[in-house]
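# Descriptive structure summary
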Amino acid sequence: MAISSFHSTTTSPTIPLKLKNKIRVRRSGFLAQTVDRVLCFYGVKHLDGLLHINELDPIRRYLPSYNRPRKTGRYSAFQGTASDLVVQVVLIAESMRLQAMMATYGIQTQTPHEVEPVQIWPPSELVKVYEYLGVNKKLGLQGRPPRPIGALGTSKVYRVCGLTVLCYPLTLEVSDFYLSHDMSLLIDDIKSELQFVGKYWRLYGRPTVCLLVREEHMRDANFKEMIDLFAMLKGGRCQGLKVRIGRLQNLLSSSCVEHLDFMHMFPAEDFHQKINMFSQLEHKSVGYQSLTDIRQAVRFSEERVEYKEFSDKPIWEVIEAYRSCDTMLGQSQLLGILLNRDGACFTFDDESVRDRIIKLNKQAGVIRHWSVVRYCSSLLENLVDSISPFITSLLVNGKQLTVGVIGYEEILIDVPLTPREVHQILYTKLQPYDVYQAVLQQEIIVYLGKLITTHKHLFSGILKIRIGWVIRAMQLYMDNYMKTTKTLDELSPSDVRKMIIKVMSVGDKTPHENMHPIHHRQIYGSLCRVPDNFYERVWIILSKTPRGIVVAGHRLPQQPTLSDMTKHELNFSLLVEQLLNRLDRPEYRHIIVEMIMIVSTILQRNTELTFDGEVDLDQLVANAFTLFQKDRQEDCEKSDDMKTFYDTTHNITVRYLARSAVNYILSSVPPANDNQEFCNVS
């Protein structure tokens, strides 16, 4: 009767006293009145115990997201952040003998045959499937672009055309690029992959990560580190993240399953022909029982000999030199000469130049001859996987990027680029001048893109990241503070990444590892790092200087700079960076930055001061160096060699820079009138 009376009358039901204090009835409009009556009715029935909250909210939205009933649909759905997320890990061994060897160390793995009917796919095959997503010939829709699948995408179980599929991460994909050859780098990437999945997983069901173990991994000298990683995962924790290792069949029920139903529109025969799943290696016997039985890859080094003089010699002489050359580095250089002059299809001794480079690249990768690996990778114009997201990561953090060989054209990257565009820049603007730079700068971009997401403070004071100069800073650090005669191209990728972290962590005020002042200024200037509020300091000087600021013969005018820009906007900061980047000596660049800070401090403390002419920072530094020589009783004619000045601590150089600035300011102050008081410079 309560329901019938509610529908038959236009008056509101009697509201209990408890409910009157909680509900404010709105009387504006018919729709508002209807909603009020419905809410009031439900509230009354709930207070009377006639309506349970589960009946009122069947999908349990009143519960936290991780406690709601799991959806049973065919597609993955978001659930929010789970407080007790567990990342499931499946270990897949490439062969039975690798599985037997891992078992001796207590690591239980499965082979591709053991997980059947579930198939193990490379992530590149999943990309092929997603190319059919949204395809519509009538509307001209071509589907998803062939871009790599990320860590979250490879952590789901897929059902495609009646198949159950699990993909291993892109990190474990065998790539043409050489980063996959470094075991230490691979282990760090696996840990980062698990941490990323655990941090950003928002779907129903647990993420399932497939870790693929290959036979080439166990031949690496650092394979014991991977065994230690698997032992840590077996313990249930990975750097604070909960993980669970188990058989794939036991983990499917709790996994996140995604149905790719759009594939039913295409012929199944064509689909199965295009997909190449990961296959198991077959051996006659299980030969390896422990790591001591495996022939380890030996790190190889050889004398560095240059063959540049053969660039102008006849082809037959280059071929004869190649036949008689017994060093891999020499062979790679001679093949590079043949490649540039006659092309990749040039054949001698029944084998093309390109095939020889590919074979040499594989041989060098097995023995970890990194200099040859990088040289051959550059000749083959290889591109690192997913370089575009790392470029975007730097851009979204407010940085600009330049690539280029020092002394040649620098290419500015201030918008996201496709892999094809990046490839074109690297191999048309860099490789002709330095073969190694085309691949080394790819490495640096990848490492910096990862580093800025986890250690953003290391990039403070850096607006424009000049990759060529970052490499210069790393080489300077190696030459002065590492007991090695190697060049940067001879280091392993993991060592290069460690070197980047050391260089980026060089401090501003305190010396780093007892670093000499000149080395500190060289690295600081190479990184294009400036102090806090530096660009605002330049604005202060510019506002007091009608004729602008001059550096290396180039002028930053006062107008229209001050009228068109503000001191906090990005365009002004980039204009200042463009002025400083004309300096080709990083230590001198840092001295100029110190001089700007001193002049701006003086102008801030004496606001009445202005300049009649221009502020020539080169002249100010030259005057400071002259004062430095006079105090040391040195010959002022040798003013070109400022090495002793660069190698002086900041506390001493700041005195001479300040004296030079004060002398210049006093000489530039217009003469005071009789009725004006003379200002004191503090």
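Keep in mind that what you see is a predicted model, and the values were worked out from it rather than measured.

Conventions we followed
Residues numbered from 1 in each chain as written. Predicted model: local features only at pLDDT ≥ 70, side-chain atom pairs only at ≥ 80, totals over all residues. Heavy atoms only, no water. Helix = DSSP H or I, 4+ residues; strand = E, 2+ residues; numbered from the N terminus. Buried < 20%, exposed > 50% of the residue type's maximum accessible area, 1.4 Å probe, protein only. Contact = heavy atoms within 4.5 Å. Areas by Shrake-Rupley, 256 points an atom, 1.4 Å probe, with all protein chains shown as cover. Pairing = 2+ DSSP bridges. Axes fitted to C-alpha atoms, helices over the stretch in contact; angles between N-to-C directions. Phe/Tyr/Trp six-rings, centres within 6.5 Å; stacked < 30°, edge-to-face > 60°. Salt bridge = Lys/Arg side-chain N within 4 Å of Asp/Glu carboxyl O. Parallel < 35°, antiparallel > 145°, perpendicular 65-115°, else oblique. Left-handed = near helix turned anticlockwise from the far one by under 90°. Patch = residues over 30% accessible without salt bridge, like charges linked within 9 Å, V, L, I, M, F, W, Y side chains within 5 Å. Core = buried A, V, L, I, M, F, W, Y, C linked by side-chain atoms within 4.5 Å.

### Considering the overall build of the chain
Scanning the chain from N- to C-terminus turns up 28 helices and 16 strands. Looking at the chain as a whole, 49% of its 682 residues are labelled buried. Across the chain, the fraction of contacts at a sequence separation of at least 24, relative to all contacts at a separation of at least 6, is 72%. Total accessible area on the chain stands at roughly 35400 Å², and carbon and sulfur atoms take up 52% of it.

### Here's the deal with the sheet that holds strand β3 (residues 157–160)
What the four strands build is an open sheet, ordered β2-β4-β3-β8; its pairing is mixed. Pairing within the sheet leaves two strands with one partner each, and these edge strands are β2 (119–121) and β8 (257–259). Between one strand axis and the next, the sheet turns by 35° as a mean value, whatever way the strands run. Bridging between β2 and strand β4 (residues 163–167) involves three bridges; their strand directions are parallel. In the sheet register, I120 faces β4, and the bridge partner there is L166.

### Here's the deal with the packing of aromatic side chains
For the coordinates displayed, the defined rule picks out 19 aromatic pairs. Their ring planes at 65° and their centres at 5.8 Å tell us that F625 and F645 sit as a pair that is edge-to-face. Of this pair, F625 sits in helix α26 (residues 617–631) while F645 sits in helix α27 (residues 643–646); the two residues are 20 residues apart in sequence, bridging distant segments of the chain. Both residues of the pair, F625 and F645, count as buried.

### Topic: the side chain of S377
In this structure, S377 sits in helix α15 (residues 370–379). Every residue in contact with S377, bar those within four places of it in the chain, is listed here: Y178, N361, N382, Y427 and V439.

### Considering the sheet that holds strand β15 (residues 554–556)
Taken in spatial order, the three strands line up as β15-β14-β16 in an open sheet, and their pairing is mixed. Each of the sheet's edge strands pairs with one partner strand only, and the pair in question is β15 and β16 (615–616).

### Thoughts on the pattern of salt bridges
Applying the stated criterion to the full structure yields 20 salt bridges. When the shortest N-O distance is used, the salt bridge between D489 and R304 registers 3.2 Å. One end of the pair, D489, is in the loop between α19 (467–481) and α20 (493–504); the other, R304, is in the loop between α11 (268–274) and α12 (315–324), with 185 residues separating them in the sequence. Taking relative accessible area as the criterion, R304 reaches 34% and is therefore assigned partly exposed. Salt-bridge contacts for E351 lead to K359; the nearest nitrogen and oxygen are separated by 3.1 Å. In this structure K359 comes out as partly exposed when scored by relative accessible area, which is 41%. One continuous salt-bridge network, built from bridges that share partners, spans D188, D189, K450 and R497.

### Structural notes on the packing of helix α13 (residues 328–342) against helix α14 (residues 353–366)
The geometry of α13 relative to α14 is characterised by a closest axis approach of 10 Å and an angle of 155° between their N-to-C directions. When the interaxial angle is binned, α13 and α14 end up roughly antiparallel. In the packing of α13 onto α14, the handedness of the crossing is left-handed. Taken together, the residues of α14 that come into contact with α13 (itself represented by M328, Q331, S332, L335, L338 and L339) are V353, R356, I357, L360, Q363 and A364.

### Some points on a nonpolar patch on the surface
Together, V38, Y42 and L56 make up a nonpolar patch on the protein surface, roughly 250 Å² of accessible area in all. Relative to the helices and strands, V38 resides in helix α3 (residues 30–47). Overall, V38 belongs to the partly exposed group, its relative accessible area being 36%.

### What about the pairing of β4?
Summarising burial for β4: five of the five residues are buried, a large majority. Side chains of β4 alternate between two faces, with L163, V165 and C167 and T164 and L166 buried alike. Direction of pairing for β3 relative to β4: antiparallel, over a ladder of four bridges. Across the sheet, the residue bridging to V160 is L163, located in β4. Hairpin connection of β3 to β4: two residues between the antiparallel strands, including C161 at a positive phi of 50°.

### A closer look at the nonpolar core
L334, I444, L448, I465, M474 and M504 are the most contacted members of the largest nonpolar core, which has 81 residues in total. The element contributing the most residues to this core is helix α18 (residues 437–454), with ten residues. Beyond its immediate sequence surroundings of up to four residues, L334 is in contact with Y307, F310, V318, A321, Y322 and C325. Core analysis: the next-biggest nonpolar cluster, separate from the first, contains 50 residues, F625, Y646, L657 and I665 among them.

### Comments concerning the pairing of strand β11 (residues 400–403)
Going residue by residue along β11, you find Q400 and T402 tucked away on one face and L401 and V403 tucked away on the opposite face as well. Inspection of the sheet shows β11 paired to strand β13 (residues 464–466) by three bridges, in the parallel sense. Within β13, the residue paired with Q400 across the bridge is K464. Relative to strand β12 (residues 411–413), β11 is paired through three bridges, and the arrangement is antiparallel. In the sheet register, V403 faces β12, and the bridge partner there is I411.

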